[in-house]
Amino acid sequence: MQEKLIELRSDTFTKPTPEMLQEMIKAEVGDSVYNEDPTVIKLEQVVNDLFGKEAALFVPSGTMANLAAMMTHCNERGCDIIVGDNSHFNLWEQGNVSQIAGIYCKQITNNQDGTFDLEKFEHLISDHTDCHCSRTKVVCIENTHNQCGGRVLPMSFIQNLREICNRNDIMIHLDGARIMNASIASGLSVKELCQHCDSINFCLSKGLGAPIGSVLIGKKDFIARAKRVRKALGGAMRQVGLLAAACLHALQKANENLTKDHANAIKLASGISTGSVVQLDNKVETNIVHLKLHPNIKIADFIQRLAQFDDDEVNELRTITRVNAGECDYKTIRMLTNLNVSAEDIDLAIKKINYVIQKFQQSI
């Protein structure tokens, strides 16, 4: 009986497909720092056209794209930005805008769907008229919202936010690491979803399956200044068309692969036996499933058991299955469907998870 490992910790664990590797081998390259790598130029143009903006810049990671965007927007001392308290920006990027760029970060409480109270937001804004205060330059939103379970931001929220920002001369930056997931789920194009945003971080190494790379998108003058910041951060790369080719291939397959991922996430969520041990903790709209554990169960114990098996389990399930799951917080398990997980894998994962749930049921 063959052992099967099903990787659900993140959609960043995907590995290049044979077809993607072939595109990388064939890629035409040049020195991208001199703007002479034709494959990078093509990728930036394709992404720019997809988003309907003026220019785009290939960078190594989404974290660098977000940081470069803030350093470009906040080009004077004493600036602040407003971010959601549950945003990736706030939780998982090491406070880099303060640590590296000297930018003050104000937090606003995220709602369960990734939005925040717009009246409270407007009251957080400060401008240059009061010398006691920092000056608000940017608000950052996230779509889909990772910590809120892959939720898609409502267009009405973004439109209303735009109106407030217009009145107060504030830029909107979108952490759109999974914006194509939002497009698939909402039926809206990425151009429509991003029409009110001044800058966008678009990641190609998550659900799209490229091994590395994000693109920062915005107006021409913004991208020209961001290019200087990228160099200062060590993100200007040379013959990087090899990676850009992988990203172009990922874009071609995006709709097909993400649609599959969303269907698999819904299948996973609906197949899990919820009850006293676990409860579904999010509305599954894209590729993220959150499970809330019973208070008496340690999340580390549950995750560890998912990744193990014993003879009794193998005899009962007639499979040798290990499932890798992650943590969202100290009581919430996070699972992401992805390119390398099939519908058949989801069936095995459901059997495994429900078996583990049954075992923990005996201990509470």
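For the structure, see preceding data.
Residues numbered from 1 in each chain as written. Predicted model: local features only at pLDDT ≥ 70, side-chain atom pairs only at ≥ 80, totals over all residues. Heavy atoms only, no water.

### Brief notes about the overall build of the protein chain
Now for step 1: Helix and strand content of the protein chain: 15 helices and 13 strands.
Now for step 2: Against the 2.2 N^0.38 benchmark of 21 Å for 364 residues, the protein chain shows a C-alpha radius of gyration of 22 Å, consistent with a compact globule.
Now for step 3: Along the first, second and third principal axes, the C-alpha set of the protein chain runs to 70 × 50 × 35 Å.
Now for step 4: Counting across all 364 residues of the protein chain, residues that qualify as buried make up 54%.
Now for step 5: Residue pairs at least 24 apart in sequence account for 74% of intrachain contacts in the protein chain once pairs closer than 6 positions are excluded.
Now for step 6: Here the protein chain displays about 16200 Å² of accessible surface, and carbon together with sulfur accounts for 48% of that area.
Now for step 7: Charge-centre separation for the protein chain: the mean point of 39 positive side chains lies 2 Å from the mean point of 44 negative side chains. (Helix = DSSP H or I, 4+ residues; strand = E, 2+ residues; numbered from the N terminus. Rg over C-alpha atoms; globule rule 2.2 N^0.38 Å. Buried < 20%, exposed > 50% of the residue type's maximum accessible area, 1.4 Å probe, protein only. Contact = heavy atoms within 4.5 Å. Areas by Shrake-Rupley, 256 points an atom, 1.4 Å probe, with all protein chains shown as cover. Lys, Arg positive; Asp, Glu negative; His and termini not counted. Charge placed at Lys NZ, Arg CZ, Asp CG, Glu CD.)

### Some words on the packing of helix α8 (residues 179–186) against helix α12 (residues 254–271)
The description of two packed helices rests on the angle between their axes and on the distance between the axes.
Now for step 1: Contact pair α8 / α12: the axes reach a minimum separation of 10 Å and the direction vectors enclose 75°. Taken together, α8 and α12 sit at an angle that is classed as roughly perpendicular. Contacts between α8 and α12 involve M180, N181, I184 and A185 from the first element and A254, N255, L258, T259 and H262 from the second.
Now for step 2: For the contact of α8 with α12, the residue count by class is five nonpolar, four polar and no charged. (Axes fitted to C-alpha atoms, helices over the stretch in contact; angles between N-to-C directions. Parallel < 35°, antiparallel > 145°, perpendicular 65-115°, else oblique. Nonpolar A, V, L, I, M, F, W, Y, C, P; charged D, E, K, R; others polar.)

### Brief notes about the pattern of salt bridges
Now for step 1: Following the criterion strictly, the structure yields 19 salt bridges and no others.
Now for step 2: Linking K4 and D345 is a salt bridge whose minimum nitrogen-to-oxygen distance equals 3.3 Å. One end of the pair, K4, is in strand β1 (residues 3–7); the other, D345, is in helix α15 (residues 343–361), with 341 residues separating them in the sequence.
Now for step 3: Residue classification places K4 among the partly exposed positions, given a relative accessible area of 33%.
Now for step 4: Between K267 and D347 there is a salt bridge, and its shortest N-O distance comes to 2.9 Å. Placement of K267 in helix α12 and of D347 in helix α15 is noted, with a sequence separation of 80 residues between them.
Now for step 5: Of the residues examined, K267 reaches a relative accessible area of 30% and is grouped as partly exposed.
Now for step 6: Under the relative-accessibility criterion, D347 is labelled partly exposed at 37%. (Salt bridge = Lys/Arg side-chain N within 4 Å of Asp/Glu carboxyl O.)

### What to know about the pairing of strand β8 (residues 214–218)
Now for step 1: In terms of residue burial, β8 counts as a mostly covered element, since five of its five residues are buried.
Now for step 2: The two faces of β8 match: S214, L216 and G218 on one face and V215 and I217 on the other face are all buried.
Now for step 3: Relative to β8, strand β2 (residues 55–59) runs antiparallel, the two being bridged by five bridges. Opposite L57, over in β8, you have L216 as the bridge partner.
Now for step 4: Here four bridges tie strand β7 (residues 199–203) to β8, and the two strands are oriented antiparallel to one another. If you follow F202 over to β8, its bridge partner there is V215. (Pairing = 2+ DSSP bridges.)

### Points about the sheet that holds strand β3 (residues 79–84)
Now for step 1: With respect to topology, seven strands assemble into an open sheet ordered β2-β8-β7-β6-β5-β3-β4, the strand pairing being mixed. Each end of this open sheet is capped by a strand with a single partner; those strands are β2 and β4 (104–108). Ignoring which end each strand starts from, the neighbouring axes of this sheet average 20° apart.
Now for step 2: Where strand β6 (residues 171–176) meets β7, four bridges bridge the pair, whose relative direction is parallel. Bridge assignment links D175 to a residue of β7, and that residue is N201.

### Observations concerning helix α3 (residues 62–73)
Now for step 1: In this model α3 runs 16 Å from its N-terminal to its C-terminal C-alpha over twelve residues, within 8% of the 16 Å that 1.5 Å per residue would give.
Now for step 2: Burial analysis of α3 places ten of its twelve residues in the buried class, the great majority of the element.
Now for step 3: Where α3 is concerned, the buried positions are G62, M64, A65, N66, L67, A68, A69, M70, T72 and H73. (Expected span 1.5 Å × (residues − 1).)

### Let's talk about the state of the cysteines
Throughout this description, disulfide means a covalent bond between two cysteine sulfur atoms.
Now for step 1: Taken as a whole and judged by the stated rule, the model has zero disulfides.
Now for step 2: Distance from the sulfur of C105, which forms no disulfide, to the nearest cysteine sulfur (C140) is 7.0 Å.
Now for step 3: C194 carries a free sulfur, and the closest cysteine sulfur to it, the one in C197, is 5.4 Å from it. (Disulfide = S-S within 2.5 Å.)

### Some details on the sheet that holds strand β10 (residues 288–293)
Now for step 1: On the basis of which strands lie adjacent, the open sheet formed by four strands has the order β9-β10-β13-β12 and antiparallel pairing. Bordering the open sheet on either side are β9 (278–280) and β12 (326–329), each of which pairs with just one other strand. The mean angle between the axes of side-by-side strands here comes to 35°, regardless of whether they run parallel or antiparallel.
Now for step 2: Across three bridges, β12 lies against strand β13 (residues 332–336) in antiparallel orientation. Among the inter-strand pairings, D329 is bridged to a residue of β13, identified as T332.
Now for step 3: Relative to β10, α12 is tilted by about 20°, and along the sheet it contacts β9, β10 and β13.

### Brief notes about the pairing of β7
Now for step 1: Of all five residues making up β7, five are buried, and the element is well covered by its neighbours.
Now for step 2: Taking every second residue as pointing to the same face, both faces of β7 are buried, with S199, N201 and C203 on one and I200 and F202 on the other.

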